[in-house]
Amino acid sequence: MKRALFLDRDGVINEDRRYVHRIEDFHFIDGIFDLCRAAMDAGMAIIVVTNQAGIGRGLFTERQFHVLTDWMKVQFADRGVTIDQVYYCPHHPLYGTGHYKLDCLCRKPNPGMILRARDEHGICLRNSVLIGDKEWDIMAAKAAGIGATVLISDHVPDPKAKPVFQAANLREAYDFFISSGLFTRIG
Ligand SMILES: [Mg+2]
C-alpha cells in the first residue's frame, strides 16, 4: 500500500502570515522542496491538508484559494515535486458565514481530510508521516492513525498533541527522516 507525506500548508510549506491568499504573500519555507523530493524518492505520495477558515469567514473566496493552489503546485512542479492532492477545509463552527458555518469533520483537529485522502488514494496511514506546525495538526494525524508525526515548533505541546518528533525547522525534520529511515523506500 502507498505511503504518504501529509503536509499542513501555512507554517510548513509557506510562512504563516495569517490567512494568506495572494501569490505575493506566499513565501516558501526553506527546505520544503528538498524534503518533498526525498519523500518522493522514497515512493511517498505528497498530500496537503489545510484548514482554510478564511474562506468561511469571508476573507477570501474559494476561487482565490484555487488560483493560489494552482500556482503553488506549479512552483513545486518546477522543482521536481508532484503534489498529489490538496485537501482544504473552508468551514468554521462559529465564525463561518452561510453554509460555511459548520461543525465539520474535516477541520483539524478532526481527521476528515486525512481519512478522505486514505480512501481516495489508497494510503496506508500507519506507514505515513504528517508534518504540522500546530497542535491540531498532530491531533488530527493521531486521530486518523498516522504512524509518524512531526511538529515544527519551538514550544512544548500539550501531552495529547505530543508528536513523534519535534523540530525547530524543516532542515531538522529532514535530518530526522533520513536518520530514522522513514524516507527509505519500502519494498
Ligand atoms: Mg499551520
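Everything that follows concerns the structure shown earlier in this document.
Residues numbered from 1 in each chain as written. Predicted model: local features only at pLDDT ≥ 70, side-chain atom pairs only at ≥ 80, totals over all residues. Heavy atoms only, no water.

(A) Representation of the coordination of the magnesium ion in the model. For the magnesium ion, the full set of protein donor atoms is Asp8 (OD), Asp10 (O) and Asp133 (OD), at a range of 2.0 to 2.1 Å. Mapped onto the polypeptide sequence, the residues donating to the magnesium ion form the spacing pattern D-x1-D-x122-D. Placement of the pair is Asp10 in the loop between strand 1 (3-7) and helix 1 (32-41) and Asp133 in the loop between strand 4 (129-132) and helix 5 (135-144), with a sequence separation of 123 residues. (Donors = N, O, S within 2.8 Å, 3.2 Å for Na, K, Ca; no water. Helix = DSSP H or I, 4+ residues; strand = E, 2+ residues; numbered from the N terminus.)

(B) Up close: helix 5. When helix 5 is considered as a whole, its buried residues turn out to be Asp137, Ile138, Ala140, Ala141 and Ala144. Looking straight down helix 5, one finds its buried side chains confined to an arc of 160°; they lie on one side. Looking at the buried side of helix 5, the elements it contacts are helix 4 (112-121), strand 4 and strand 5 (148-152). Once helix 5 finishes, Gly145 follows within two positions and takes phi at roughly 95°, a positive value. (Buried < 20%, exposed > 50% of the residue type's maximum accessible area, 1.4 Å probe, protein only. Arc of directions from axis to C-beta. Contact = heavy atoms within 4.5 Å.)

(C) Focus on the packing of aromatic side chains. For the structure on display, the rule yields ten aromatic pairs. Relative to Tyr88, the ring of Phe65 lies with its centre 4.5 Å away and its plane at 40°, an arrangement referred to as tilted. Separated by 23 residues along the polypeptide, Phe65 in helix 3 (residues 62-78) and Tyr88 in strand 3 (residues 85-89) bring together distant segments of the chain. Phe65 sits in the buried class, given a relative accessible area of 2%. Three or more aromatic residues link up through ring pairs in this structure, and these residues are Phe26, Phe28, Phe33, Trp71 and Phe76. (Phe/Tyr/Trp six-rings, centres within 6.5 Å; stacked < 30°, edge-to-face > 60°.)

(D) Up close: the nonpolar core. In this structure, Leu7, Ile13, Ile32, Phe76, Ile131 and Phe177 are the most contacted members of the largest nonpolar core, which totals 39 residues. Where this core is concerned, the elements lending two or more residues are strand 1, helix 1, strand 2 (44-51), helix 3, strand 4, strand 5 and helix 6 (170-180). Residue contributions to this core peak at six residues, all from helix 1. One finds Ala45, Ile47, Ala140 and Ala144 within the second-largest nonpolar core, a separate group that totals 22 residues. (Core = buried A, V, L, I, M, F, W, Y, C linked by side-chain atoms within 4.5 Å.)

(E) The arrangement of the side chain of Asn14 in detail. Within the secondary structure, Asn14 is located in the loop between strand 1 and helix 1. Note on Asn14: relative accessible area 0%, which makes it buried. Separated by 2.9 Å, the side chains of Asn14 and Asp10 make a polar contact. With residues up to four places along the chain from it excluded, the contact list for Asn14 reads Arg9, Val20, Phe26, His27, Phe28 and Ile29. (Polar contact = N/O pair within 3.5 Å; in protein donor to acceptor, adjacent residues only side chain to side chain.)

(F) Quick peek at the sheet that holds strand 6 (residues 165-167). Strand order across the open sheet formed by six strands is 3-2-1-4-5-6, with parallel pairing between neighbours. Where the open sheet ends on each side, the last strands, each with one partner, are strand 3 and strand 6. Recorded for the sheet is a direction-independent mean angle of 20° between the axes of neighbouring strands. Of the strand pairs in this sheet, strand 1 and strand 4 are connected by three bridges, and their pairing is parallel. Paired with Leu5 across the strands is Val129, a residue of strand 4. Contacts from helix 3 reach strand 2 and strand 3 within the one sheet, and its direction differs from that of strand 3 by about 150°. Relative to the sheet, helix 6 contacts strand 4, strand 5 and strand 6, its axis offset from that of strand 6 by approximately 145°. (Pairing = 2+ DSSP bridges. Axes fitted to C-alpha atoms, helices over the stretch in contact; angles between N-to-C directions.)

(G) Main features of the environment of Cys104. Mapped onto the secondary structure, Cys104 falls in the loop between strand 3 and helix 4. Residue Cys104 is classed as buried on the basis of its relative accessible area of 8%. In this structure the C-alpha to C-alpha distance between Cys104 and His91, which are 13 residues apart in sequence, comes to 7.1 Å. With residues up to four places along the chain from it excluded, the contact list for Cys104 reads Cys89, His91 and Asn110.

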